[in-house]
Amino acid sequence: DGGITQSPKYLFRKEGQNVTLSCEQNLNHDAMYWYRQDPGQGLRLIYYSQIVNDFQKGDIAEGYSVSREKKESFPLTVTSAQKNPTAFYLCASSVNREDTQYFGPGTRLTVL
Amino acid sequence: KQEVTQIPAALSVPEGENLVLNCSFTDSAIYNLQWFRQDPGKGLTSLLLIQSSQREQTSGRLNASLDKSSGRSTLYIAASQPGDSATYLCAVKETTPLVFGKGTRLSVIA
């Protein structure tokens, strides 16, 4: 059953802690993306990767880090440097940079 | 910098009505435009993708048009149903990944 999975669905973090959000795809897509969504807002791009071992910053990369060691996986770490991390995080993938993006179900992160 | 605007921000209609959602963008040099649906607390589902060379795309009761020169797209929903209630997001593709609008929250009342 092909698709994009994100885990966990809900995540709670204490201030000052780093947390890592998982994103896995079995669609054999080269490109993967991380977006952040705040209430009543559109999606804003955090990081994207067009190929293994390569990634680029998006519009709001500060306080976040990523890795792309495998084609299937693109984990996002929210560091303590991110001042307002409470949000809904969405991962997506596409065959290449030009093609339709397919989205995972999202992870809701809450900072306590 | 590309900006995408969606009007209205929210819309409530009775079941059976035909409706139009609007999307505008500031830079017409786009590769394509996509319409997505998002249910509360869920990820996005792609509805329609229009390449820059195309004028419209249709899928079932949905029809999306693109006027690249004026920087506008519309999503037409025919014979609306309560199951259409969701937020609809428009996004444009340039050399960088998608730029999203803030969405239109649609409620279809039975």
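Residues numbered from 1 in each chain as written. Chains lettered and ligands numbered in written order. Predicted model: local features only at pLDDT ≥ 70, side-chain atom pairs only at ≥ 80, totals over all residues. Heavy atoms only, no water.

## Some details on the overall build of chain B
Next, step 1: A tally of helices and strands in chain B yields 0 helices and 11 strands.
Next, step 2: Order of helices (α) and strands (β) in chain B, N terminus to C terminus: β-β-β-β-β-β-β-β-β-β-β.
Next, step 3: Relative to its length of 110 residues, chain B is compact, with a C-alpha radius of gyration of 13 Å against a globular reference of 13 Å.
Next, step 4: A principal-axis box enclosing the C-alpha atoms of chain B has dimensions of 40 × 25 × 20 Å.
Next, step 5: Residues classed as buried in chain B amount to 43% of the 110 residues present.
Next, step 6: Look at the contacts in chain B between residues 6 or more apart in sequence, and 54% of them connect residues 24 or more apart.
Next, step 7: Entry remark: accessible area of chain B is about 5200 Å², with carbon and sulfur atoms responsible for 48%. (Helix = DSSP H or I, 4+ residues; strand = E, 2+ residues; numbered from the N terminus. Rg over C-alpha atoms; globule rule 2.2 N^0.38 Å. Buried < 20%, exposed > 50% of the residue type's maximum accessible area, 1.4 Å probe, protein only. Contact = heavy atoms within 4.5 Å. Areas by Shrake-Rupley, 256 points an atom, 1.4 Å probe, with all protein chains shown as cover.)

## Comments concerning the pattern of salt bridges
All names here are of chain A.
Next, step 1: Across all of its chains, the model carries 5 salt bridges over all chains by this definition.
Next, step 2: When the shortest N-O distance is used, the salt bridge between Lys-71 and Asp-30 registers 3.4 Å. With Lys-71 in the loop between β7 (64–66) and β8 (76–78) and Asp-30 in the loop between β3 (19–25) and β4 (31–37), this residue pair connects regions lying 41 residues apart in the sequence.
Next, step 3: Residue Lys-71 is classed as partly exposed on the basis of its relative accessible area, which comes to 24%. (Salt bridge = Lys/Arg side-chain N within 4 Å of Asp/Glu carboxyl O.)

## Thoughts on the sheet that holds strand β1 (residues 4–7) of chain B
Neighbouring strands of a sheet are bound in pairs by backbone hydrogen bonds; such pairs are parallel or else antiparallel.
All names here are of chain B.
Next, step 1: If you walk across this open sheet you meet the 5 strands as β1-β3-β8-β7-β6, and the pairing is antiparallel. With partners counted over all chains shown, the strands left at the sheet margins are β1 and β6 (56–59), one partner each. Strand-to-strand, the axes of this sheet are offset by a mean angle of 15°, without reference to chain direction.
Next, step 2: Examined bridge by bridge, β1 and strand β3 (residues 19–25) share 4 bridges and lie antiparallel to one another. Each bridged residue has a counterpart across the sheet, and for Gln-6 the counterpart in β3 is Cys-23. (Pairing = 2+ DSSP bridges. Axes fitted to C-alpha atoms, helices over the stretch in contact; angles between N-to-C directions.)

## Points about the state of the cysteines
Next, step 1: Scanning the model with the defined rule gives 2 disulfides over all chains in all.
Next, step 2: Each disulfide pairs two cysteine sulfurs, and for Cys-23 of chain A the partner residue is Cys-91 of chain A, the sulfurs being separated by 1.8 Å. Classification of the bridge connecting Cys-23 of chain A and Cys-91 of chain A rests on its S-S torsion, roughly -70°, and on that basis the disulfide is left-handed. Of this pair, Cys-23 of chain A sits in strand β3 while Cys-91 of chain A sits in strand β9 (residues 87–94), and the two are 68 residues apart along the sequence.
Next, step 3: Exposure remark for Cys-23 of chain A: the relative accessible area of 0% places this residue in the buried category.
Next, step 4: Covalently, Cys-23 of chain B is tied to Cys-90 of chain B through a disulfide, its sulfur atoms 2.0 Å apart. Here the S-S torsion is close to -60°, and the disulfide linking Cys-23 of chain B with Cys-90 of chain B is therefore left-handed. Within this pair, whereas Cys-23 of chain B is found in strand β3, its partner Cys-90 of chain B is found in strand β9 (residues 86–93), the two being separated by 67 residues in sequence.
Next, step 5: When its relative accessible area of 3% is taken as the criterion, Cys-23 of chain B is described as buried.
Next, step 6: Overall, the relative accessible area of 0% leaves Cys-90 of chain B in the buried class. (Disulfide = S-S within 2.5 Å.)

## Focus on the packing of aromatic side chains
For any pair of aromatic rings, geometry is given as the distance between the ring centres together with the angle between the planes.
Next, step 1: According to the stated counting rule, one finds 9 aromatic pairs over all chains in the structure shown.
Next, step 2: Ring geometry for Phe-36 of chain B against Phe-100 of chain B: centres 5.7 Å apart, planes inclined by 40°, an arrangement best described as tilted. One end of the pair, Phe-36 of chain B, is in strand β4 (residues 32–38); the other, Phe-100 of chain B, is in strand β10 (residues 99–100), with 64 residues separating them in the sequence.
Next, step 3: Here Arg-68 of chain A stacks its cationic end above the ring of Phe-74 of chain A, 6.0 Å away from the centre of that ring. (Phe/Tyr/Trp six-rings, centres within 6.5 Å; stacked < 30°, edge-to-face > 60°. Lys NZ or Arg CZ within 6 Å of the ring centre and 35° of its normal.)

## Some points on the interface of chain B and chain A
Next, step 1: Across the contact, 20 residues belong to chain B and 21 residues belong to chain A.
Next, step 2: Summed over both sides, the interface of chain B with chain A buries roughly 1600 Å², with 54% coming from carbon and sulfur.
Next, step 3: The largest contributions to the chain B side of the interface with chain A come from Pro-97, Phe-100 and Lys-102 of chain B, which together make up 30% of the buried area.
Next, step 4: Inspection of the region where chain B meets chain A yields 0 salt bridges. (Buried area = accessible area lost by both parts, 1.4 Å probe.)

## Quick notes on the environment of Thr-79 of chain A
All names here are of chain A.
Next, step 1: Inspection of the secondary structure assignment puts Thr-79 in the loop between β8 and β9.
Next, step 2: Residue Thr-79 is classed as buried on the basis of its relative accessible area of 17%.
Next, step 3: A C-alpha to C-alpha distance of 8.6 Å links Thr-79 and Thr-20, two positions 59 residues apart in sequence.
Next, step 4: Not counting chain neighbours up to four residues away, the residues in contact with Thr-79 comprise Arg-13, Gln-17, Asn-18, Gly-63, Tyr-64 and Ser-65.

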